[in-house]
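Each chain, written out:
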Amino acid sequence: REQLREKIMQLNARVNQLLSDKAQLQQERIMSEEERLKVSKVLVDLQIENTSLLEAATDKEFQLENKLLQQENDVMELEMAAQSKQKRIDQLEKERRADLQLIQDLKNELSAVRNNYTSVLSDLDGEKAR
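The structure displayed is predicted, hence computed values, not measured ones.

1. Here's the deal with the overall build of the protein chain
Then, in step 1: In terms of regular secondary structure, the protein chain is built from 1 helix and 0 strands.
Then, in step 2: For 130 residues, the compact-globule formula gives about 14 Å, and the C-alpha radius of gyration of the protein chain, at 55 Å, lies well above that figure.
Then, in step 3: In terms of principal-axis extent, the alpha carbons of the protein chain reach across some 190 × 10 × 10 Å.
Then, in step 4: Of all 130 residues assigned to the protein chain, the portion counted as buried reaches 0%.
Then, in step 5: Carbon and sulfur atoms make up 57% of the accessible area of the protein chain, which amounts to about 12600 Å² in all.
Then, in step 6: Treating the 21 positive side-chain charges of the protein chain as one cloud and the 26 negative ones as another, the clouds have centres 5 Å apart.

Listed below in structure tokens is the structure:
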């Protein structure tokens, strides 16, 4: 009987030890799950932040590309305006040269008319003197 009692006590001690070990393992598992959840939350938060940063970077890149395209368009418009103005300058310069040539031709013609008039007057004076 005594052996049986001792055996029951050993079994009870073993059961109590196993229950204690089980409780400790469950507590460790709970702590491990809590830690895993914390890590998962941090990971999700980082992914959300990363997504926000990517969206902000994409938006900024889009804005910069639009700004660049607008500036390239402005440059092209300015270049076209400059070409148009240069054509007008070239045309006006051509007209100025033509006007200067006309003035020179008119001066030459006036000089020839004066010389002719002087010659005619001289001839007239010569005829009158005779």
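2. Here we look at the environment of Leu100
Then, in step 1: Note on placement: Leu100 falls in helix α1 (residues 2–129).
Then, in step 2: Considering only alpha carbons, one finds Leu100 and Phe62, 38 residues apart in sequence, at a separation of 56 Å.

3. Some words on the pattern of salt bridges
Then, in step 1: Under the counting rule described, the total for this entry stands at 4 salt bridges.
Then, in step 2: Of the charged contacts in the structure, one is a salt bridge between Arg36 and Glu33, with a shortest N-O distance of 3.1 Å. Here Glu33 and Arg36 lie together in helix α1, a separation of 3 residues that amounts to about one turn.
Then, in step 3: Looking at Arg36, the relative accessible area reads 45%, which means it is partly exposed.
Then, in step 4: What makes Glu33 partly exposed here is its relative accessible area of 34%.
Then, in step 5: A salt bridge links Glu93 to Arg97; the nearest nitrogen and oxygen atoms lie 3.6 Å apart. Of this pair, Glu93 and Arg97 both sit in helix α1, separated by 4 residues, roughly a single helical turn.
Then, in step 6: We classify Glu93 as partly exposed; its relative accessible area is 29%.
Then, in step 7: Taking the relative accessible area as the measure of exposure, Arg97 reaches 48% and is therefore partly exposed.
Then, in step 8: A single salt-bridge network, built from bridges that share partners, covers Glu93, Arg96 and Arg97.

4. Remarks on a nonpolar patch on the surface
Then, in step 1: A surface patch of nonpolar side chains, amounting to about 290 Å² of accessible area, comprises Tyr117, Leu121 and Leu124.
Then, in step 2: Mapping Leu121 onto the fold places it in helix α1.
Then, in step 3: For Leu121, a relative accessible area of 33% translates into the label partly exposed.

About the criteria used
Residues numbered from 1 in each chain as written. Predicted model: local features only at pLDDT ≥ 70, side-chain atom pairs only at ≥ 80, totals over all residues. Heavy atoms only, no water. Helix = DSSP H or I, 4+ residues; strand = E, 2+ residues; numbered from the N terminus. Rg over C-alpha atoms; globule rule 2.2 N^0.38 Å. Buried < 20%, exposed > 50% of the residue type's maximum accessible area, 1.4 Å probe, protein only. Areas by Shrake-Rupley, 256 points an atom, 1.4 Å probe, with all protein chains shown as cover. Lys, Arg positive; Asp, Glu negative; His and termini not counted. Charge placed at Lys NZ, Arg CZ, Asp CG, Glu CD. Salt bridge = Lys/Arg side-chain N within 4 Å of Asp/Glu carboxyl O. Patch = residues over 30% accessible without salt bridge, like charges linked within 9 Å, V, L, I, M, F, W, Y side chains within 5 Å.

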